[in-house]
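Here are the chains, one letter per residue:
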Amino acid sequence: MSKPLGINGLDIQKDYISVVQVDLSDNTVQQIAIQPLSSADSDSYWDSVSGELKSLRKNYRFARPEVACSIPSDLSVVKVLEIESDEREQHSILRWELSAHLMGSIEDYAVDFYEVAPGLEADYRRYLAAAVRKESVSKLKKAVKGIKLNPVIMDLDLFSLTNVFAVNYRDRLSAPSILVHGENTRTKMVLVNNNSFVDYAIADFDADTDNKTEYVKMLAAQIAHLSAENNSVMNGEASVYLAGSLFSNSAFASAAAAGISRCELLNPFRNMACTANIDEAQLKTYSSQLAVAVGLALRGDENR
């Protein structure tokens, strides 16, 4: 029997691109790569993405053209919305509620809604709503198709992080967990409980090694606020899992683990074997930057 072709997850951040190829038949990581990304301003961002993808294509062998891609949460609007359970026009009201948080017409956005913890509350239903400008979606498609790949799935990086958590931490899914994705200027957090989205938070903070203590204080405060806001659905103190390029820096990872209760690095390979040509020390260093790409790859077979 021929070996299944690997599924590729392509994570596009502001400062780097990472790609991971996974064989879903046995959850084995076959290839990984991280490509630095430099863009002077937002106007040149997608040009920079296109250029670096072409460079990546020369050195990375995609097993097949279908890829699952991330859209940076920086380019999106994410909101938690609540609607009375007996309201018949759920979708229409969700669109109307979301439109109040958008610049311009909702018709200019690609939108999606995810029900949070369905059945938990009798009187209302709670949704996580996400909107991305159609222009950004088109530019992402153009950049990926420019290297002869087909973006069959596009998801926000924050949401893809939950996929890798669900596969690698099955033994902890029943407890509340906060997944943190830290980058140099923005930190994103999502609270999950019983394998369902509950809430999220985003904090802007220009992090460097000189202010890591202040960063950890900010992060701890954000985590405490997120937990307090959702106390009614919590069944104990949340565990905290760190991912993103910021925590590839051992100083930040150590400071956060020491300063925040029940905190550890998220290991995207905890329940996965890795046959990629990389030594264990490098894999440990860069695993934080690969978490979203792994989560995307784990979704990559949905449309086949």
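Overview of the structure. (Residues numbered from 1 in each chain as written. Predicted model: local features only at pLDDT ≥ 70, side-chain atom pairs only at ≥ 80, totals over all residues. Heavy atoms only, no water.)

1. Section: the overall build of the chain
A tally of regular secondary structure across the chain gives seven helices and 14 strands. Against the compact-globule benchmark of 19 Å for 304 residues, the chain has a radius of gyration of 19 Å, which places it among compact chains. Along the three orthogonal principal directions, the C-alpha set of the chain runs to about 55 × 45 × 45 Å. Looking at the 304 residues of the chain, the share that counts as buried comes to 52%. A separation threshold of at least 6 residues defines the contact pool for the chain, and within that pool the share at least 24 residues apart is 66%. (Helix = DSSP H or I, 4+ residues; strand = E, 2+ residues; numbered from the N terminus. Rg over C-alpha atoms; globule rule 2.2 N^0.38 Å. Buried < 20%, exposed > 50% of the residue type's maximum accessible area, 1.4 Å probe, protein only. Contact = heavy atoms within 4.5 Å.)

2. Some words on the pairing of strand β3 (residues 28–36)
Both strand β2 (residues 16–23) and β3 contribute to a ladder of eight bridges, which runs antiparallel. Bridged to Q21 within β3 is Q31. Taken together, β2 and the strand that follows it, β3, pair antiparallel across an intervening segment of four residues, in which N27 is found at a positive phi of about 50 degrees. As defined by bridge partners, β3 adjoins strand β14 (residues 273–274) across two bridges and the pair is classed as parallel. (Pairing = 2+ DSSP bridges.)

3. Details of the environment of A224
Position of A224 relative to the elements: it lies in helix α5 (residues 212–229). Residue A224 is classed as partly exposed on the basis of its relative accessible area, which comes to 45%. Sequence separation between A224 and E237 is 13 residues; the distance between their C-alpha atoms is 9.8 Å.

4. Quick notes on helix α1 (residues 45–59)
Compared with the 21 Å implied by 1.5 Å per residue over 15 residues, the 22 Å span of α1 between its first and last C-alpha is a close match. Here α1 has its buried residues at Y45, W46, S48, V49, L53 and L56. The arc enclosing the buried residues of α1, seen along the axis, measures out at 145 degrees, which places them on a common side. Of the exposed residues in α1, the ones pointing more than 90 degrees away from its buried face are D47 and K58. Where α1 is buried, its residues meet β1 (7–12), β2, β3 and α3 (134–145). (Expected span 1.5 Å × (residues − 1). Arc of directions from axis to C-beta.)

5. Some details on the sheet that holds strand β5 (residues 76–84)
If you trace the three strands from one edge of the open sheet to the other, you get β5-β7-β6, paired in antiparallel fashion. On the outer flanks of this sheet lie β5 and β6 (109–116), each paired with one strand and no other. Geometrically, the sheet is characterised by an average inter-axis angle of 25 degrees between neighbouring strands, direction not taken into account. Across nine bridges, the pairing between β5 and strand β7 (residues 124–133) is antiparallel. By the bridge assignment, K79 is partnered in β7 with A129. (Axes fitted to C-alpha atoms, helices over the stretch in contact; angles between N-to-C directions.)

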